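Spelled out from the first residue to the last, the chains are:
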Amino acid sequence: MTDVTTTEESPTGDDGAESRDALEPTAAYGHDGGISARVQRTDAWRSVFRHPTNDTPRGRALQSFSNFFLHLYPVKIPARVLKLRYSFRLGFISAVLFGILTATGIYLMFFYTPAVGSAYGDMQQIKTGVGFGELVRNVHRWSAHLMVLVVFLHLVRVFYAGAYKKPREFNWVIGVILLLLTLGLSFTGYLLPWDQLSYWAVTVGTDLVHYVPLIGNSLQSLLIGGDQIGQPTLLRFYALHVAVLPATVVLALSVHIWRVRKDGFAVQRSSVGTFSEEATTVPGTGPASAPVELYGGRTRVLGVVDRESVTAADRPVDDTVFTWPHLIVRHVVVALGVATVVLAIGVAAVAPLRGLANPNLTPEPAKAPWYFSGLQELLAHFDPVIAGILIPTAAVIALLLLPYIDRNPATEARHRKVAIVIFSGLLAIAVVLTVIGTFFRGPGWEFIPPWQHWYVEL
Amino acid sequence: MTSRRDFLRNGWKVGSALLAAAATWTLWESLRPLSTNTTSAIIKLGSPANFAADTATYVSEGRLYVTNATNPAGAQLFALSQKCPHLGCKVPFCTSSGRFECACHGSVFDIAGEWIEGPAPRGMDRIAMTLDGDNLVANTKDVTPGPDHGADQYFSEPKGPNCLGKG
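What you see is a predicted model; the values in this text were computed from it and never measured. (Residues numbered from 1 in each chain as written. Chains lettered and ligands numbered in written order. Predicted model: local features only at pLDDT ≥ 70, side-chain atom pairs only at ≥ 80, totals over all residues.)

Brief notes about the overall build of chain A
Phase 1 of the analysis: Across its full length, chain A holds 16 helices and 4 strands.
Phase 2 of the analysis: Intrachain contacts of chain A at a sequence separation of at least 6 include 70% that bridge at least 24 residues. (Helix = DSSP H or I, 4+ residues; strand = E, 2+ residues; numbered from the N terminus. Contact = placed C-beta atoms within 7 Å.)

In structure tokens, the structure reads:
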């Protein structure tokens, strides 16, 4: 503890200013006489940034400790997390897209009124009369579609990595809830332009609800605020889109990220092995390399366990690196990359805006948003109660309960063939239905290949 | 015997559950749409003689069709909701086939709104219609679910080609 109280004489004669960094007394703000160094030595600067940015192990740790934003991260992370192929950064990309959607959405809110009489006019005004309005709207729209896709891919990757297994079961559940919230965010935003595309997509989407047994009609009425899409629907969807759902996402995302951190980040895929008493150490009896012989030296295989389930004390301690700068720099690069991609798409592709919503004229075909078109395709083949309610409800419940149903602790594919085959089969069906519903359906839900006529609108 | 500590602990749990239930119920009641009597539900349709046999006339004000369906037993006027009972799309009337053909999922109904084919779970919903003097009046708040599959009271072969491009 002596280093805490030790002070260092100021080499600059600056009233011992450097010594205020009590946790690292040798830490020094810039000693030169440059403007930047002088500013950093002021009390005002130090009231905000309490430690100098020293490139030492302790300096890096202090930066994380004393920075609100860096507090989202642990000070050190497993080195394997830095590898791109470990997670493909899909979770982080989802969070970046959510940030982009929040920023662009707030900008659009300044120019939009959720009223049937003015919403469509506001959209036209945004496109033509607001500075960067069309670009911001394009970025917002494409980011929303991209976020649905990336969150879904994230879920798929987590499944194949077996990262929903103990101790990550509950975080998987939160992830599934986040996927549903993402769909909800995208769907509620879909109505806001109040054009033909949005009106009929939401009509088709919300009409599914009335098939829910017993409370279907009440639930649909509650959702759209009446017996047909109108002003109450627009207001409800707006409130959900800009306040209720984003706030819920922030809450769920915070817990999600916090749990990722607490659970040691992505699962260590190569760690599956047989743990036996031979290799197990009793805490406090010696280093990990010194096996303890139990039961007279006999060894018994207790089972196949994921290394993550072994307590942190048993893990090697030298496989970690400092979050700052190793992970932070990578995240900044990925965030810039994502921003560049959505900006490029926003410049290249204009978000659709059809004619003013007309309740008396259904466009042909009237499709739900692409992420629900698989469901729409299913509805063309099965009874609505089965296709619209039972199957999607069963799918969501199965996803939520997956980590509690699949008790096999192995994370490598060769040890979990059944789960992977079932999941892959269902995934393939969902993808095929979505592709058919999105690309291969025309008026009257007739099968029309996209190379004959393009009936796709996002 | 339940200790005082357990009693209080369980009391908090029950109280919290009751509070959550009350909050949910209040929210439901608050957000539940009020009766929409503020908008007129009565639509004047004019004289019955305006509607020729085997025709469908669209009345945008009420978002309904008035059809004059005929079969060997006679003619009957219907006021049919424009909403497809499948997923709520407006069902256009195809004059060439003399049938209602939904472009969303391909449900087809005869001129009386009876289901012929497609994924719709029933026929088109019927709106109550009365004679007020010499004029027909429809009440859009008085809606009867369409007839079940197999009603077929007004079924007839299509008059001509359909509008959905089906073979």
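Some points on the environment of V342 of chain A
Residues and elements named next belong to chain A.
Phase 1 of the analysis: On the secondary structure map, V342 appears in helix α13 (residues 323-348).
Phase 2 of the analysis: Between the alpha carbons of V342 and R141 there is a distance of 9.6 Å; along the sequence they are 201 residues apart.
Phase 3 of the analysis: What V342 contacts, discounting residues up to four positions off in sequence, is I100, V139, W142, S143 and L146.

Side note on the domain arrangement of chain B
Phase 1 of the analysis: You can read the domains of chain B as domain 1 (1-32) and domain 2 (42-144).
Phase 2 of the analysis: Using only C-alpha atoms to locate each centre, domain 1 of chain B and domain 2 of chain B end up separated by 50 Å. (Domains from an automatic or database assignment.)

A short note on the interface of chain B and chain A
Phase 1 of the analysis: Taken together, the contact between chain B and chain A spans 22 residues of the former and 25 residues of the latter.
Phase 2 of the analysis: Among the residues making up the side of chain B that touches chain A, the classes are represented as 10 nonpolar, 7 polar and 5 charged. (Nonpolar A, V, L, I, M, F, W, Y, C, P; charged D, E, K, R; others polar.)

Examining the packing of helix α9 (residues 169-191) of chain A against helix α15 (residues 384-405) of chain A
All names here are of chain A.
Phase 1 of the analysis: In the contact formed by α9 and α15, the axes pass within 8 Å of each other and the chain directions differ by 165°. On the basis of their axis angle, the class for α9 and α15 is roughly antiparallel. Considering the relative orientation of α9 and α15, their crossing is right-handed. Facing α9, whose interface residues are E169, W172, V173, V176 and L180, α15 presents V396, L399, L400, L402, P403 and Y404. (Axes fitted to C-alpha atoms, helices over the stretch in contact; angles between N-to-C directions. Parallel < 35°, antiparallel > 145°, perpendicular 65-115°, else oblique. Left-handed = near helix turned anticlockwise from the far one by under 90°.)

A closer look at the sheet that holds strand β6 (residues 99-101) of chain B
All names here are of chain B.
Phase 1 of the analysis: One open sheet accounts for 4 strands, arranged β5-β6-β7-β8; its pairing is antiparallel. Strands with a single pairing partner mark the edges of an open sheet, and in this sheet they are β5 (93-94) and β8 (115-117).
Phase 2 of the analysis: Direction of pairing for strand β7 (residues 108-109) relative to β8: antiparallel, over a ladder of 2 bridges. Counted as the bridge partner of V108 is E117 from β8. (Pairing = 2+ DSSP bridges.)

Comments concerning the environment of T56 of chain A
Residue and element names in this part refer to chain A.
Phase 1 of the analysis: Of note, T56 is situated in the loop between α3 (43-48) and α4 (57-65).
Phase 2 of the analysis: Look at T56 and you get exposed, because 11 C-beta atoms sit within 10 Å.
Phase 3 of the analysis: The spacing of T56 and L390 is 334 residues in sequence and 58 Å in space, taken between C-alpha atoms. (Buried ≥ 20, exposed ≤ 12 C-beta atoms within 10 Å, placed from the backbone.)

Details of the confidence of the model for chain B
Phase 1 of the analysis: Looking at chain B as a whole, the pLDDT averages 88, with 95% of positions reaching at least 70.
Phase 2 of the analysis: In the model output, the complex is listed with pTM 0.80 alongside ipTM 0.81. (pLDDT = per-residue confidence, 0-100.)

So, the packing of α9 of chain A against helix α12 (residues 231-262) of chain A
Residue and element names in this part refer to chain A.
Phase 1 of the analysis: Across the interface, α9 lies against α12 with an axial gap of 9 Å and an inter-helix angle of 155°. The angle between the axes of α9 and α12 places the two elements in the roughly antiparallel class. Read as a crossing pair, α9 and α12 show a hand that is left-handed.
Phase 2 of the analysis: Counted by class, the contact of α9 with α12 contains 16 nonpolar, 9 polar and 1 charged residues.

Quick look at the nonpolar core
Side chains of a nonpolar character, in soluble globular proteins, are inclined to be buried together.
Phase 1 of the analysis: Formed by 98 residues in total, the largest nonpolar core has its most connected members in L97, M147 and V204 of chain A together with C89 and C104 of chain B.
Phase 2 of the analysis: Examining the composition of this core, we find that 10 residues originate from one element, helix α8 (residues 133-161) of chain A, more than from any other. (Core = buried A, V, L, I, M, F, W, Y, C linked by C-beta atoms within 7 Å.)

Re α15 of chain A
All names here are of chain A.
Phase 1 of the analysis: Of all the bends in α15, the greatest reaches close to 40° and is centred on L399; the proline P403 follows between one and four positions later.
Phase 2 of the analysis: Within the span of α15, buried status applies to P384, A387, G388, L399 and P403.
Phase 3 of the analysis: Where α15 is buried, its residues touch α9 and α14 (370-379). (Bend = angle between axes of the 7 residues up to and from the residue.)

Looking at the pairing of strand β10 (residues 135-144) of chain B
Residue and element names in this part refer to chain B.
Phase 1 of the analysis: As defined by bridge partners, strand β1 (residues 42-46) adjoins β10 across 4 bridges and the pair is classed as antiparallel. Residue pairing for β10: I43 is matched across the bridge by A138.
Phase 2 of the analysis: The pairing of strand β9 (residues 126-132) with β10 spans 7 bridges and is antiparallel. Paired with T130 across the bridge in β10 is V137.
Phase 3 of the analysis: Hairpin remark: β9 followed by β10, antiparallel, with 2 residues in the connecting loop; positive phi at G133, about 70°.

Topic: the environment of V209 of chain A
Residues and elements named next belong to chain A.
Phase 1 of the analysis: Within the secondary structure, V209 is located in the loop between α10 (196-207) and α11 (216-224).
Phase 2 of the analysis: As for V209 and R80, which are separated by 129 residues in sequence, their C-alpha atoms are 45 Å apart.
Phase 3 of the analysis: With sequence-adjacent residues up to four places away left out, V209 is seen in contact with G216, L219, Q220 and L223.

Section: the pairing of strand β4 (residues 74-81) of chain B
Residues and elements named next belong to chain B.
Phase 1 of the analysis: For strand β3 (residues 64-71) and β4, the ladder comprises 8 bridges, and the chain directions are antiparallel. Paired with V66 across the bridge in β4 is A79.
Phase 2 of the analysis: Hairpin geometry of β3 and β4 is characterised by an intervening segment of 2 residues between the two adjacent antiparallel strands.

Some thoughts on the confidence of the model for chain A
All names here are of chain A.
Phase 1 of the analysis: Put simply, chain A has an average pLDDT of 82, and 81% of its residues get 70 or more.
Phase 2 of the analysis: When the elements of chain A are averaged for pLDDT, strand β2 (residues 273-276) gives the smallest value, 34, and helix α6 (residues 90-109) the largest, 97.
Phase 3 of the analysis: With pLDDT under 50 throughout, residues 1-20 is counted as low confidence; its partners more than four residues away or in other chains account for 25 contacts.
Phase 4 of the analysis: In the model, residues 269-297 has pLDDT below 50 throughout and makes 38 contacts with residues more than four positions away in sequence or in other chains.

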